[in-house]
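Take a look at the letters that make up each chain.
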Amino acid sequence: MSQKLLLSAKEIDIILHRLACQLIENHTHFEHTVLIGVQPRGIFLADRIKRILEEDYKLTSVKLGYLDITFYRDDFRRGEKPLEANKTNIDFVVEDKRVVFIDDVLYTGRSIRAALTAMQSFGRPQEIELLTLIDRRFSRHLPIQPNYRGRQVDAINQEKVKVHWVENEGEDAVYLVG
């Protein structure tokens, strides 16, 4: 199985700062905006974005939650082994807020559809946006597009995009695996 480096740790850092700046442009002080990391892999990106907003740009009112979508997925009972749920942690009100979903890779759009359905349990946001590190643009099954994207990747056939985070895999890198 071949593996090609798409983004190094330095490139990821540059992209994360650009994404944080784009969020600041559209949400200024975050009084009416909340960030939601989509479980399981979106939480690493969400944590990083929040840390950049707070430490580098001195924003103090950034709220971050984690949303588990396991039981909202349309493939929940299709696999051979049962899916394991993650913990949802949203300790703030989303009603009438601007919500930014954060996930590492946008592929078919089905995870975001599940996140939209799961979010209904927490109220009715004023608006929902999507921030993703990697946008696999030619593989969408649903009409879902990111508002903020780090990098577009055109993967073909059985190629996969793997995002590694230092917190989980010991390095920051994005690979195309074929």
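The rules behind these values
Chains are numbered independently. Their residues run from 1 in the order of the written sequence. Note on the predicted model: pLDDT of at least 70 is required for a residue's local features to be given, and 80 or more for side-chain atom pairs to be given and counted; whole-chain, interface and lining totals, by contrast, use all residues. Here the side-chain values reflect all heavy atoms present in the structure, with hydrogen atoms and water set aside. Here a helix means four or more residues in a row that DSSP labels H or I, a strand means two or more in a row labelled E, and each is numbered from the N terminus. Expected span of a helix, by definition, is 1.5 Å for each gap between consecutive residues, and there is one gap fewer than residues. Partly exposed describes any residue whose relative accessible area lies between the buried limit of under 20% and the exposed limit of over 50%, with all areas from a 1.4 Å probe on protein chains only and scaled to the type maximum. Note on contacts: a residue pair is in contact if any heavy atoms of the two residues lie within 4.5 Å. Throughout, nonpolar core names a set of buried Ala, Val, Leu, Ile, Met, Phe, Trp, Tyr and Cys residues whose side chains join them through atoms within 4.5 Å. We treat two strands as partners when DSSP finds at least two bridges between them. Axes, fitted as lines to C-alpha atoms, cover a helix only where it is in contact. Angles between the N-to-C directions of the axes lie from 0 to 180 degrees.

Asks: Would you explain helix 2 (residues 42-55) in this entry?
Replies: One full turn of an α-helix is made of 3.6 residues, so residues set three or four places apart face in the same direction. Spanning 14 residues, helix 2 covers 20 Å between terminal C-alpha atoms, matching the ideal 20 Å at 1.5 Å per step. Of the positions making up helix 2, those classed as buried are Gly-42, Ile-43, Phe-44, Leu-45, Ala-46, Arg-48, Ile-49, Ile-52 and Leu-53. Considering only its buried residues, helix 2 is in contact with helix 1 (9-27), strand 2 (33-38), strand 3 (63-67), strand 4 (98-106) and strand 5 (127-135).

Asks: Explanation requested: the nonpolar core in the structure shown.
Replies: For soluble globular proteins, the rule of thumb is that nonpolar side chains tend to be buried together. Within the largest apolar cluster, 34 residues are counted, with the highest numbers of intra-cluster contacts made by Leu-16, Leu-35, Leu-133 and Ile-134. The set of elements that each furnish at least two residues to this core consists of helix 1, helix 2, strand 3, strand 4, strand 5, strand 7 (160-164) and strand 8 (173-177). In terms of residue count, the dominant contributor to this core is helix 2 (7 residues). Not counting the four nearest positions on each side in its chain, Ile-134 is found in contact with Leu-7, Asp-104, Val-105, Leu-106, Arg-151, Val-153, Val-161, Val-163 and Val-174. The next biggest cluster of nonpolar side chains, apart from the first, holds 18 residues, and it includes Phe-92, Ala-118, Met-119 and Ile-144.

Asks: Sorry if this is basic, but what is going on with the sheet that holds strand 4 here?
Replies: Pairing between sheet strands relies on hydrogen bonds along the backbone, with the strands arranged either parallel or antiparallel. Strands sit in the order 3-2-4-5-6 across an open sheet of 5 strands; the sheet is parallel. Every other strand in the sheet has two partners, leaving strand 3 and strand 6 (148-152) as the edge strands with one partner each. Averaged over all pairs of adjacent strands, the angle between strand axes in this sheet comes to 25°, irrespective of strand direction. When strand 2 meets strand 3, the two strands line up parallel, connected through 5 bridges. Residue pairing in the sheet places Gly-37 in a bridge with Tyr-66 of strand 3. Strands strand 2, strand 4, strand 5 and strand 6 of the sheet are contacted by helix 1, whose axis makes an angle of about 155° with strand 6.

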